[in-house]
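Working through the structure, step by step
Take a look at the letters that make up each chain.
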Amino acid sequence: MRIDSSGRVLIGLATADTLYGGIVPVLQVEGTDVNGSSIGMFRNSNDAAGPILTLGKSRGTSLNSDTIVQSGDATGMIAFTGADGGERMRATAAIKSFSDGTPGDNDMPGRLSFWTTP
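Here goes a summary of the coordinates provided. Only a predicted model underlies this, so the values are computations on that prediction, with no experimental measurement involved.

**Let's talk about the overall build of the chain**
Scanning the chain from N- to C-terminus turns up zero helices and six strands. Secondary structure of the chain in N-to-C order comes out as β-β-β-β-β-β. Against the globule reference of 13 Å for 118 residues, the chain gives a C-alpha radius of gyration of 17 Å, more extended than a compact globule. Its C-alpha atoms give the chain principal-axis dimensions of roughly 45 × 45 × 35 Å. A separation threshold of at least 6 residues defines the contact pool for the chain, and within that pool the share at least 24 residues apart is 23%. Roughly 8,900 Å² of accessible area belongs to the chain as shown, and the carbon and sulfur atoms make up 53% of that amount. Seen as two clouds, the 9 positive and the 12 negative side-chain charges of the chain have centres 4 Å apart.

**Here's the deal with the sheet that holds strand β4 (residues 74–82)**
Spatial ordering of the open sheet is given by β4-β5-β6, a layout of three strands whose pairing is antiparallel. Strands at the two margins of the open sheet, each flanked by one partner only, are β4 and β6 (110–116). Direction aside, the axes of adjacent strands within the sheet are offset by 10° on average. Two elements, β4 and strand β5 (residues 90–99), share eight bridges in a ladder whose sense is antiparallel.

**A look at the sheet that holds strand β1 (residues 2–3)**
Strand order in the open sheet formed by three strands is β1-β2-β3, and the pairing between neighbours is mixed. If you trace the sheet from one side to the other, it starts and ends with β1 and β3 (27–29), each paired once.

**Re the environment of E30**
Tracing the backbone through its elements, the reader meets E30 in the loop between β3 and β4. Beyond its immediate stretch of four places on either side in the chain, E30 contacts I11, G12, L13, G36 and R88. Side-chain polar atoms of E30 contact the side chain of R88, separated by 2.9 Å.

**Quick notes on the pairing of β5**
Note that β5 and β6 share seven bridges and pair antiparallel. The residue bridging S97 from the neighbouring strand is L112, located in β6.

Quick notes on the rules
Residues numbered from 1 in each chain as written. Predicted model: local features only at pLDDT ≥ 70, side-chain atom pairs only at ≥ 80, totals over all residues. Heavy atoms only, no water. Helix = DSSP H or I, 4+ residues; strand = E, 2+ residues; numbered from the N terminus. Rg over C-alpha atoms; globule rule 2.2 N^0.38 Å. Contact = heavy atoms within 4.5 Å. Areas by Shrake-Rupley, 256 points an atom, 1.4 Å probe, with all protein chains shown as cover. Lys, Arg positive; Asp, Glu negative; His and termini not counted. Charge placed at Lys NZ, Arg CZ, Asp CG, Glu CD. Pairing = 2+ DSSP bridges. Axes fitted to C-alpha atoms, helices over the stretch in contact; angles between N-to-C directions. Polar contact = N/O pair within 3.5 Å; in protein donor to acceptor, adjacent residues only side chain to side chain.

Printed below as a string of structure tokens:
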């Protein structure tokens, strides 16, 4: 594991790479086998609950701000990408989540969409 001069955590690689959409993530994991290129979460508890991965969005402009999102705002995305011989920024498919209506206190209307390429 390495932390570069920009504060990015790199596991399995020496320099940060530009990924989907031109993003250089603050956490990057890269390997040559399934174990070296996987991130795992596992919950041990005597109940029916499992682990949770949360993606979130606020319209705020500072850390910990909870400014309400607007209808149509993207609230999260999972992108599936492949290297095309020159870069690894192009997606083969994506799952995207959007606010789909006017949010209110304890009310968050949403839409989930699945994207593919020809």
